Structures are given as structure tokens and as C-alpha cells.
Amino acid sequence: MPKKIISTTVLLLLSIGIPRPQQTAAQQLFEPARLDLAIEAKAFTAADVNGDGIADILSVTEGGKITLHSGLLAGGYASEQIYQGPWFLYSKFEWFFTTDVNGDSAVDFIFIETDENTVNVFLGDGTGHFSQPVTTPATDFGITEGGFPACAGDINRDGYTDLVYQDLAVHGVFLDPRFYSLILLGKGDGTFTLSDTLIDKRPSYTFECCVIQDFNEDGENEIAIVRSTGGQIDSLYVYAVNGEGKWSLDSIWGMGMEVQNLLTGDFNNDGHTDVISANRRGEPGYWESIVVRLGDGSGGFPVQRNTIVLEILSKIAAADFNADGTLDIAFLSMDSGLEVAFGNGDGTFSGIRRLNPAFWESLKVIDINGDNFQDIYFHTFGGLSQLLNDGTGVFGTA
């Protein structure tokens, strides 16, 4: 059982101010390659679903039409509608993501429709074909209309995808200002079973995001959830499984102001898993728009690193864009659009490059063209666009 650490103490705080650089010839803003194939999409995801080494795109429209856009070796995409759902999407926040649901190494995808509150699993065969959806109402798990998905991963390490759901009104406690985290374990056939419910005694008014990872390196995954308890600072609640197979709160760490997105990675190259957040607000000198909590390998995150960007952020993604062995980030800003910044190897970032000023909606980092460099898809009101990385962190349309 991991050592219990309940702390918000910051042992070391380092803030790096990043002045907006002058655009060089390689960094000039330009019109990205727009893909007309997903103009009407409400959400998209991307993966190599047919094993040819080229990224494919899955998109879903407001009317519930799901289309597979297969990437071609010669460039471009071949589009084919694969399902017409009975859904009408009211927002851009429906869950739509690829994963390996049943452990057969083929790409599957899950679409969670939050109006009807259904979990829809499409099983892939590895050749670009998918089954009809296995649909389960979230109410089967006791989740109310106020519930919504939080994160996905292999929680119990059995090779199947599991889900963490959030519900404000679970078990009829509608007036109790707390979010409850429900752990749904995948059976490997597209269905799930309710395993446990994480109920925290502290009032929790909002929930932002979560990640699943083995933070204390004991061979068991932990669940880290960002919650707001009504104050200005959002906190990272880390839950670990106990000797009886049940989950309990292990530690709490300050994460920033209005956390919008959460990722894990080794951002200081010490072999331990860290956590990074993109935040909507910052407090100069203490909390900034990009916050990294450095993991110590025992389940704790005692060191905080800040990167100042002075912008309102929404999404963040991590990859080694310039092939120097250190993770970099791409992020979406309400102020400046799509940008990248490069890791310094200590949990901070510098050298911001503004790639496109368009108003953002979603972001995906993936090797689009099979050259082993991480490229970028991003979705705006004008549709889906792509930027290709030349391997040095410089992005273009070809």
C-alpha cells in the first residue's frame, strides 16, 4: 500500500517567463492544410485503424453521423460513413476517442453521448472495419442525467479499457455539493461493470479531468482527479487501491486555477511520471497557465514547475517534436490559437511558436504521414486542419 501523503506544500517553485518571440521565416503564420472532410464534425479522433502506418480520422456530426476518413499513402483521405446514430449533439464536449477495448491490438473507438447518457463501443478488426455499436445506458450503473465521463485507461491492468465516470447526483444525493467518481471496469466485449465508487467527504463543486497511471511504481495503477472545492485553486486528488481491493484517497496536490486539461509524462527525464495541466487562469509568481507537478516515484508530486504564457488555455498535448529526447507541448489558447513550446528538461518550457491564430476547439497529436514525426490535427469552426512536423519542431503543410 502506498505511503499516505496529504499535502499541498510546494517544496520548489520555478517560474520561467517566456517573452513572445519574433517570428522567424520558419515560424511565420500560414494557412494550414484544411481538410474539407470534417467541416460539419462536432468531434473527431485519429489513429491508424487499418495498420498501414498512415493516420486515419473518425468524425461525428451534430446529427450523429460517424464517418471514417482513411488516410492514403499518396496523401488525402477516402471517406466512408460507417454509422448513423440516433443522437443529436448539443455541445462539442461529447466523448469520442480511440482505444483497444478488448486487448486484441486492433483499434476500437468509444463514443459517449452525454444527452442520452449512453456508452457506445465500436470494435475494430484491424483492417478499418468496425462492428455495430455495443450500447449501454449509463443509468445501468446508477449514473444520473447529471453524470459524464472523466477518463479512460486500463485501471486494473487486465488488458481491457476501463472508464471513470463523474456524477453529481449519484444515489439520489442531489443537494449534496460533491462529485462522485464511479469506476467502470471493461469486460472486454464492449460492456462494463461498476467496480467501486469514490466518495470524498469534502464538498466538491466542479470536476475538470482525470488520468490513470502507476504513479508510485508498485505495479498498480492510481487514479488522479482534478477537483475544485470552491476556492480559487484546483487540486489533484490521487486515489490508490488498498489491500482489500478498494480505492481510497492517498494524497492531494495543488494543480492551478481553473484546470482545463490534464496529461501525464516524464517532463524532466528522471524516469518518474509527472502531471501537467493547461489552466484557464493564472496568478503571476505562483500559479501560471501551464503547471507541471514532478512525480517522485512514490506517488507524491512535491515539486511544482510553472511556465508563464499569460494566456487562457484549454487543451494541451505532449510529444517530442524536435527529437531532442525531451517532451514538448502543443496547446490551444483563446488568445493566440494553436502554439507549441519546447521542453527544457526540468519541467518548464520555452521557445513558444505560434502556429495558427484560428479559434480552437480540439487538438490531436499523431504521426499523420508515417515519417515517425509527431504532427498536429486541430479542429476549428472552419473544420479540421493539419500541420506536418519536419522532425525539428517546425510545422508546415507538406
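The coordinates are above.
Thresholds, definitions, all that
Residues numbered from 1 in each chain as written. Predicted model: local features only at pLDDT ≥ 70, side-chain atom pairs only at ≥ 80, totals over all residues. Heavy atoms only, no water. Disulfide = S-S within 2.5 Å. Helix = DSSP H or I, 4+ residues; strand = E, 2+ residues; numbered from the N terminus. Buried < 20%, exposed > 50% of the residue type's maximum accessible area, 1.4 Å probe, protein only. Phe/Tyr/Trp six-rings, centres within 6.5 Å; stacked < 30°, edge-to-face > 60°. Contact = heavy atoms within 4.5 Å. Pairing = 2+ DSSP bridges. Axes fitted to C-alpha atoms, helices over the stretch in contact; angles between N-to-C directions. Patch = residues over 30% accessible without salt bridge, like charges linked within 9 Å, V, L, I, M, F, W, Y side chains within 5 Å. Areas by Shrake-Rupley, 256 points an atom, 1.4 Å probe, with all protein chains shown as cover. Salt bridge = Lys/Arg side-chain N within 4 Å of Asp/Glu carboxyl O. Lys, Arg positive; Asp, Glu negative; His and termini not counted. Charge placed at Lys NZ, Arg CZ, Asp CG, Glu CD.

K.L.:
Sorry, what's going on with the state of the cysteines here?
P.N.:
By definition, a disulfide links the sulfur atoms of two cysteine residues through a covalent bond. Overall, the coordinates contain one disulfide when judged by the stated rule. The disulfide partner of Cys151 is Cys210, and the gap between their sulfur atoms is 1.9 Å. Judged by the sign of its S-S torsion, about -95°, the cystine formed by Cys151 and Cys210 is left-handed. Within this pair, whereas Cys151 is found in strand β11 (residues 148-153), its partner Cys210 is found in strand β15 (residues 206-213), the two being separated by 59 residues in sequence. Judged by relative accessible area, which is 5%, Cys151 ranks as buried. Classification of Cys210 by relative accessible area gives buried; the value is 7%. Cysteine Cys209 shares no disulfide, and the gap to the nearest cysteine sulfur, in Cys210, comes to 7.6 Å. A relative accessible area of 8% places Cys209 in the buried class.

K.L.:
Help me understand the packing of aromatic side chains in this model?
P.N.:
Ring pairs (aromatic) are described by centroid distance and by the angle formed between their planes. Tallying each qualifying case throughout the model produces eleven aromatic pairs. Each ring, one from Phe44 and one from Tyr377, has its centre 6.2 Å from the other, and the planes form 80°; the classification is edge-to-face. Pair noted here: Phe44 is in strand β3 (residues 41-47) and Tyr377 is in strand β27 (residues 375-380), with a separation of 333 residues, a long-range link. The same class applies to Phe44 as to Tyr377, namely buried. Ring geometry for Phe109 against Phe130: centres 5.0 Å apart, planes inclined by 75°, an arrangement best described as edge-to-face. With Phe109 in strand β8 (residues 108-113) and Phe130 in the loop between β9 (118-122) and β10 (134-137), the pair connects residues that are 21 residues apart, well separated along the chain. With respect to class, Phe109 is no different from Phe130; both count as buried. In textbook terms, an aromatic cluster arises when at least three aromatic residues are bridged by ring pairs, as seen for Tyr83, Phe96, Phe109, Phe111, Phe122 and Phe130.

K.L.:
It is not clear to me how the environment of Trp87 should be interpreted in this structure. Could you clarify?
P.N.:
By the secondary structure assignment, Trp87 is in the loop between β6 (77-84) and β7 (95-99). The class for Trp87 is buried, based on a relative accessible area of 6%. Measuring from C-alpha to C-alpha, the distance between Trp87 and Thr114 comes to 9.6 Å, with 27 residues separating the pair along the chain. In contact with Trp87, not counting residues within four places along its chain, are Glu62, Gly63, Gly64, Ile66, Phe111, Glu113, Thr118, Asn120 and Phe122.

K.L.:
Just to check I follow, could you spell out the sheet that holds strand β4 (residues 56-61) for this structure?
P.N.:
Strand pairs in the sheet, formed through backbone hydrogen bonds, run parallel or antiparallel to each other. Pairing is antiparallel in the open sheet, where four strands are placed in the order β3-β4-β5-β6. Strands with a single pairing partner mark the edges of an open sheet, and in this sheet they are β3 and β6. Adjacent strand axes in the sheet meet at a mean angle of 20° when their direction is disregarded.

K.L.:
What should I look at first to understand a negative patch on the surface in this one?
P.N.:
A grouping of Glu217, Asp218, Glu220, Asp270 and Asp296 is seen on the molecular surface, where their side chains present a negatively charged patch. If you trace the backbone, Glu220 turns up in the loop between β15 and β16 (222-228). Looking at Glu220, the relative accessible area reads 39%, which means it is partly exposed.

K.L.:
Where do I start with the pattern of salt bridges in this structure?
P.N.:
When their charged atoms lie close together, side chains carrying opposite charge are able to pair. Counting across every chain of the model gives three salt bridges. Here Glu62 makes a salt bridge to Lys42, at a shortest N to O gap of 3.6 Å. In this pair, Glu62 is assigned in the loop between β4 and β5 (65-71) and Lys42 in strand β3, connecting sequence segments 20 residues apart. Overall, the relative accessible area of 32% leaves Glu62 in the partly exposed class. Of the charged contacts, one joins Glu258 and Arg280 as a salt bridge, the two residues approaching to 3.7 Å between their closest N and O atoms.

K.L.:
Would you explain the pairing of strand β19 (residues 274-281) in this entry?
P.N.:
Two faces make up the sheet, and in a regular strand the side chains alternate between them. For β19, the buried fraction is high: six of the eight residues fall into the buried class. Inspection of the sheet shows strand β18 (residues 247-265) paired to β19 by seven bridges, in the antiparallel sense. Bridge pairing in β19 links Thr264 to Val275. Pairing between β19 and strand β20 (residues 290-294): four bridges, direction antiparallel. In the strand pairing of β20, Ser277 is matched with Val291.

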